[in-house]
Amino acid sequence: MIDPNSIRENPEAYRTATKQKRANFDVDSFLSLDSDYKSLKQEFESKKASQNKVSKLMPTLSKEEQAKLKDEMKALSAEIKEIESKLKEIEAQREAMLLRAPGIPLKEVPEGKDDSENKEVEKWGDIPEYLGKDHVELGLALGLIDIERGVKVGGSKNYFLKGDGARLHHAVLQYALSFLYGRGYTVMEPPHIVSYDAMKGTSYFPGGEEQAYSLDSRDPDKYLIGTSEVSVCSYHMNEILDELPKRYAGYSPCYRREAGTYGKDTHGLYRIHQFYKVEQVVVCENDPDISMRFHNELLNNAKDFIQSLNLPYRVVIVCTGDMGLGQVYKHDIECWMPSRNSYGETHSCSTFYDFQARRLNMRYKNKEGKLEFCHTLNNTLIASPRILIPLLENNQNKDGTIAIPKALQPFMGGQEVIK
RNA sequence: GGAGAGAUGGCCGAGUGGUCGAAGGCGCUUGAUUCGAAAUCAAGUAUACCGGUAACGGUAUCGAGGGUUCGAAUCCCUCUCUCUCCGCCA
């Protein structure tokens, strides 16, 4: 959520951001509604003030005087009620608009229409010779992945992992949790089913309803999370935090409807309805420098982690048109996926400033003792099974076996090879 | 799923129609006392928004929403959540 004052003070910046992000927001209709809202509210408050004044006087008066006043006050009361209902209506409209107002991208963010205009800023690792088998073939041959049966049981975009495939999947997740624990992050096992408020607070709703599974028939207002960011950020909803920063490692399954993606990335484990993710979440002070520091920390954690798995990757800075509504600064990390003959997105590192914290009503006392909204950030540490694509494909051997990266071996009982 | 009890400030807890943003206590802050501390005493101690340079004034907020009333923390309705008992259950 955007501070309405900030829109009043700097409408042009919001016009630009709205265009850049193709947000469903109109600065000028907001401003006009906002001014209606303000004047109506003032009218309401002054009428209410005179009513309160009389109410306080009432018990000191005689019966006759009271009766006389009551008749007068009846009219005022009716008037106030009418204004109040109008005010409520306009307030709701204003709130709905405000929820769709975009965060303004930092000056570092390149201008661009979509992901094709993201800019590569870093490249790491040598791309190995591709031996020709993709993860689906490898998975089938070694009994690691069974997509056909996944579809039989759960419909399209479903899968089974089995045997060493399932073990590798758990190993990489377990390793990720240990890794973040070692860097001072608090491991969180959060709710997978959340309320509308949590979805709204993290800015998935309104707007992202199509992408979320809803349990609506028997449990209205309950949704499956698409990332533990939703639960973990909402952990401090409506709270005043007395200790910052907070570093969390959220671990959860992620459920995504992937509506509108039919025919896109149909092959293998790239785009699926259910996966697991270890997510980094930071809540920190309301300060651009501090946010930037944490953005780099989160990005570095992810880079260090992939490097320890020895997966070639590149980092791109995400352009204006490919950013989410609330994000002001964002990098993606893409790992090399031989079967796609390209880098594929595996990580997404976002800085929100106070966009989510305002929606979540998550505050802290700053040095002057004043309450301020926190800043929030998040980044993937690892998402699996998508990460199995580069993991299997880049590590395949000529004899059809797969080398397990050194860092994962302890989490596979010391096993070095999948065969 | 059935039956009952409850939700008040940072915390505990009083408050069944008016002068209640809310007693009292705890906690916290400041001052007095003390060599210092404890104890004691005194004062202060919610948030948001609007107006004002400020002092200050106004409005809202007692789980959420609606209703009754000139006036609601207090009465009525709906919902959410918590607790206890019963049933079911990994």
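Every value quoted in this text rests on a predicted model; they were computed, and no experiment measured them. (Residues numbered from 1 in each chain as written. Chains lettered and ligands numbered in written order. Predicted model: local features only at pLDDT ≥ 70, side-chain atom pairs only at ≥ 80, totals over all residues. Heavy atoms only, no water.)

(A) Expanded view of the domain arrangement of chain A. Structurally, chain A comprises domain 1 (4-98) and domain 2 (115-418). Taken residue by residue, the interface counts five residues in domain 1 and eight residues in domain 2. With both sides pooled, the region where domain 1 packs onto domain 2 buries about 500 Å², and carbon together with sulfur makes up 45% of that total. When the buried surface of domain 1 facing domain 2 is broken down by residue, Gln20, Lys21 and Arg22 rank first, second and third, together holding 73% of it. On inspection of domain 1 and its partner domain 2, the count reaches one salt bridge. Ionic pairing is found between lysine 200 and glutamate 95, a salt bridge with its closest N-O pair at 3.7 Å. At the junction of domain 1 with domain 2, the criterion picks out four residue pairs in polar contact (both at pLDDT 80 or more). (Domains from an automatic or database assignment. Contact = heavy atoms within 4.5 Å. Buried area = accessible area lost by both parts, 1.4 Å probe. Salt bridge = Lys/Arg side-chain N within 4 Å of Asp/Glu carboxyl O. Polar contact = N/O pair within 3.5 Å; in protein donor to acceptor, adjacent residues only side chain to side chain.)

(B) Spotlight on helix α2 (residues 11-21). Among all positions in α2, only Tyr14, Ala17, Thr18, Gln20 and Lys21 are buried. On an axial view of α2, the arc spanned by its buried residues comes to 165°, and they lie on one face. Here the buried face of α2 lies against α1 (4-9) and α3 (27-57). (Buried < 20%, exposed > 50% of the residue type's maximum accessible area, 1.4 Å probe, protein only. Helix = DSSP H or I, 4+ residues; strand = E, 2+ residues; numbered from the N terminus. Arc of directions from axis to C-beta.)

(C) Up close: the layout of surface pockets. Roughly 230 Å³ of volume is contained in the second largest pocket. Every residue lining the second largest pocket is counted, 13 residues in all, and those nearest its centre are Ile2, Ser6, Tyr14, Tyr353 and Asp354. Sorting the residues of the lining of the second largest pocket by element identifies β12 (342-353) and α11 (355-360) as the ones contributing at least two each. (1 Å grid on protein atoms, 1.4 Å probe; cavity = no way out; pocket = protein on both sides within 12 Å on 5 of 7 lines; lining within 4 Å. Points joined across faces, edges and corners; volume = space filled by probe spheres on them.)

(D) The arrangement of the pattern of salt bridges in detail. By the definition in use, this model includes 24 salt bridges. Two residues, lysine 107 and glutamate 108, come together in a salt bridge whose shortest N-O distance is 3.7 Å. Judged by relative accessible area, which is 35%, glutamate 108 ranks as partly exposed. With a closest N to O distance of 2.6 Å, aspartate 146 and arginine 149 form a salt bridge. The class for aspartate 146 is buried, based on a relative accessible area of 8%. One connected set of salt bridges, linked through shared partners, spans Glu120, Lys123, Arg314 and Glu334.

(E) Inspection of the nonpolar core at higher detail. Within the largest apolar cluster, 56 residues are counted, with the highest numbers of intra-cluster contacts made by Leu168, Val278 and Ile382. Elements supplying a minimum of two residues to this core: α7 (164-182), β8 (246-255), β9 (274-284), α10 (288-308), β10 (313-317), β11 (329-337), β15 (375-384) and α12 (388-394). Residue contributions to this core peak at ten residues, all from α7. Excluding its chain neighbours within four sequence positions, the residues that come into contact with isoleucine 382 are Val172, Leu173, Ala176, Tyr276, Lys277, Val278, Phe305, Leu309, His347 and Ile387. (Core = buried A, V, L, I, M, F, W, Y, C linked by side-chain atoms within 4.5 Å.)

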